[in-house]
Amino acid sequence: MEQYHHHYYSSLYLNLLLLFLSLISLAVATIFYKHKSQYHRHVNLPPGRRGLPYVGETLDFLSTGWKGRPENFVLDRVREFSSNVFKTHIVGKPTAVLSGAEGNKFVFTNENKLFVAWWPDSVNKIFPFTETSSVAEESRRMRRLLPQFMKPEALQRYVGVMDDVARRHFASSWEGRDAVEVFPLAKNYTFWVACRLFLSLDDPERIAEFVVPFKDVATGIFGLPLDLPFTAFRRAIRASTYIREEFLTGIIRQRKSELADGKNADVAKTQDILSFMLMATDDNGERMSERDIADKILGLLIGGHDTASSTCSFVVKFLSEFPRIYDRVYEEQMQIARCKAATGEMLNWEDIQKMKYSWNVACEVLRLVPPLQGTFREATTDFVFNGFSIPKGWKLCVYMQLYWSVPSTHKTEKYFPEPEKFDPSRFEGRGPAPYTFVPFGGGPRMCPGKEYARLEILVFMHNLVKRFKFEKLIPDEKIVVNPIAVPANGLPVRLFPHNA
Ligand code: HEM
């Protein structure tokens, strides 16, 4: 009996051992096969480097931005590999960087077929909505909400409101001063416009309290996602919570009760984005939660005021460097201003249509100092771009603002003659070639705030040149990109009022 048991157990052990060994070899074979097939499937990955373990080439990527030449990260590699797509490892993931007009065209025309919206983890931690939903879904929801707010009738209405804010902003922060720091003031202006149009908030002191936390959020978004004390990232997470809980929730609740009581006589309030979000319903007839509204408005306030304030500031920089261009902008704006002088009437939609030269100047500013250098996507399927395989799951960094490309001829080609020269006439006539000038992106995901931004930049230019000439106080002030292009020292200028 004992012998039987012994025999029984030893053969059981032997069988188990054999089973175990065959499972292991099966697993090894599967992994090997998978790896091999993956390797073969993606044998033609784009050229490029992985960089250091974990951080990859992230530090290189960020430091070129801190030095004010973010394009160098891309440009150096485009030149080194003679390719307008290369692989790298930034934001903690394997990434393919696409650039040039070919890259732009490919991304704008294959949106949602080959890739979807994606943001680095750092963005997801600062905007916590993505814990319960995906970036792609939230982006779709935002895009469904915005057209109502950005439709032509609404935009036409905003011109006068923007002019009213600009007049009060210039009167309180520029007039009567010998010198100002332009960038913080431009931010106050665009933030005030956003608070007024999104939330019907019009008290400059209350608005000013929140300028700093908003700055902290914006600075932390694309930095290193190190959640440690004293890092910009930790500050951004705190600031985001503070803004949503201290600032937005109170405003949302108050409006909700006003709407419920029906005591909202103020027409502007019923037409702002907050009322719109409170009343909107999704496909199932459900209203948005307070938290959801706070998240969306935070995103809009960040995206909507930081970018445009960068452009307003660089308009001042370039106008001070090119007096002839300043004179032409001045002439154009004064023709409009003179018609209004007698009545004090606000700017309107027709006036904006007359600001053609001024808009060419702003476009040239957007070309030379684009507020956003690029954007991200995630590949939802394997695909091929310019002969190179991009595997499913890889992140794409679309570097939209590179005027250099390496077409199949391997010859570096320029889209803009003398690309470093400030020349607004490039935008006259037919303007730049398709897919070369895309500061607002393109295709289905093009910036929904483009027209709104155009209006607020032009209204700013009108109010600026109507009042002052100016001179830079730091002649060779650097530009830093962190993550939005800004003047390193805030752009201090001396003011010369026209009516002095
Ligand atoms: C000079 C000013 C601005 C510039 C240069 C700019 C540029 C851009 C760019 C390049 C994108 C990314 C497109 C993509 O991923 O393909 C974007 C997206 C976006 N922008 Fe703007 N923008 C500006 C102003 C504004 C304003 C004023 C608002 C709101 C009022 C706004 C709202 C948005 C939103 C909500 C998105 C995300 C769209 C999505 O997820 O599909 N932007 N913008």
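Figured I'd write up the structure that's included with this text. Remember, predicted model here, so these are calculated numbers, not experimental data.

On a plain count of helices and strands, the chain comes out with 18 helices and 14 strands. Within the chain, buried positions represent 49% of all 500 residues. Contacts in the chain between residues at least 24 apart in sequence constitute 72% of all its contacts with a sequence separation of at least 6. Approximately 24,600 Å² of the chain is accessible, and the part contributed by carbon and sulfur atoms is 56%.

All told, the structure shown has 1 cavity of 30 Å³ or more when counted by the stated rule. Within this model, the largest cavity holds a volume of roughly 30 Å³. If you go around the largest cavity, the residues you meet are F314, K317, K472, E477, K478, I479, P487 and L491. Taken together, the residues that form the lining of the largest cavity break down as 4 nonpolar, no polar and 4 charged.

Moving on to the sheet that holds strand β2 (residues 93-99). Paired through their backbone hydrogen bonds, the strands of a sheet run either parallel or antiparallel. Taken together, the 5 strands give an open sheet; going across it, the order is β1-β2-β8-β5-β3, and neighbouring strands pair in mixed fashion. The open sheet terminates on both sides in strands that have one partner only, identified here as β1 (85-90) and β3 (115-117). Across the sheet, the mean angle from the axis of one strand to that of its neighbour is 35°, orientation sign disregarded. Taken together, the 5 bridges between strand β5 (residues 374-379) and strand β8 (residues 395-399) define a ladder with antiparallel strand orientation. Residue R377 lies in a different strand from β8, and its bridge partner there is L396.

We now examine the state of the cysteines. Summed over all chains, the structure comprises 0 disulfides. Free cysteine C195: the closest other cysteine sulfur is in C312, separated by 15 Å. Considering cysteine sulfurs only, C312 is the nearest to C363, which forms no disulfide, with 13 Å between them.

Quick look at the site of the ligand now. Neighbouring the ligand are 24 residues; R143, T375, R377, R445 and C447 lie closest to it. R445 is positioned such that a nitrogen or oxygen atom in its side chain is 2.8 Å from an oxygen atom of the ligand. Elements supplying a minimum of two residues to the shell around the ligand: α6 (135-150), α14 (290-321), β5 and α18 (450-467). It is α14 that contributes the most residues to the shell around the ligand, 5 residues altogether. Residue classes in the shell around the ligand are distributed as 13 nonpolar, 8 polar and 3 charged.

To continue, consider the coordination of the iron atom of the ligand. For the iron atom of the ligand, the sole protein-derived donor is C447 (SG), lying 2.3 Å away. Residue placement: C447 occurs in the loop between β10 (413-414) and α18.

Turning our attention to the pattern of salt bridges. If you walk through the whole model with that rule in mind, you get 29 salt bridges. With a shortest N-O distance of 2.9 Å, K187 and D306 are connected by a salt bridge. Remark: D306 occurs in helix α14 and K187 occurs in helix α8 (residues 182-199); sequence separation between them is 119 residues. The exposure classification of K187 matches that of D306, with both residues buried. One salt bridge connects R291 with D295, and the closest N-O pair in it is separated by 4.0 Å. With R291 and D295 both in helix α14, this residue pair falls 4 residues apart, about one helical turn. If you follow the salt bridges from partner to partner, you end up with R49, E57, D60, R77 and E80 in one network.

Cut-offs used in this document
Residues numbered from 1 in each chain as written. Predicted model: local features only at pLDDT ≥ 70, side-chain atom pairs only at ≥ 80, totals over all residues. Heavy atoms only, no water. Helix = DSSP H or I, 4+ residues; strand = E, 2+ residues; numbered from the N terminus. Buried < 20%, exposed > 50% of the residue type's maximum accessible area, 1.4 Å probe, protein only. Contact = heavy atoms within 4.5 Å. Areas by Shrake-Rupley, 256 points an atom, 1.4 Å probe, with all protein chains shown as cover. 1 Å grid on protein atoms, 1.4 Å probe; cavity = no way out; pocket = protein on both sides within 12 Å on 5 of 7 lines; lining within 4 Å. Points joined across faces, edges and corners; volume = space filled by probe spheres on them. Nonpolar A, V, L, I, M, F, W, Y, C, P; charged D, E, K, R; others polar. Pairing = 2+ DSSP bridges. Axes fitted to C-alpha atoms, helices over the stretch in contact; angles between N-to-C directions. Disulfide = S-S within 2.5 Å. Near = heavy atom within 4 Å. Polar contact = N/O pair within 3.5 Å; in protein donor to acceptor, adjacent residues only side chain to side chain. Donors = N, O, S within 2.8 Å, 3.2 Å for Na, K, Ca; no water. Salt bridge = Lys/Arg side-chain N within 4 Å of Asp/Glu carboxyl O.

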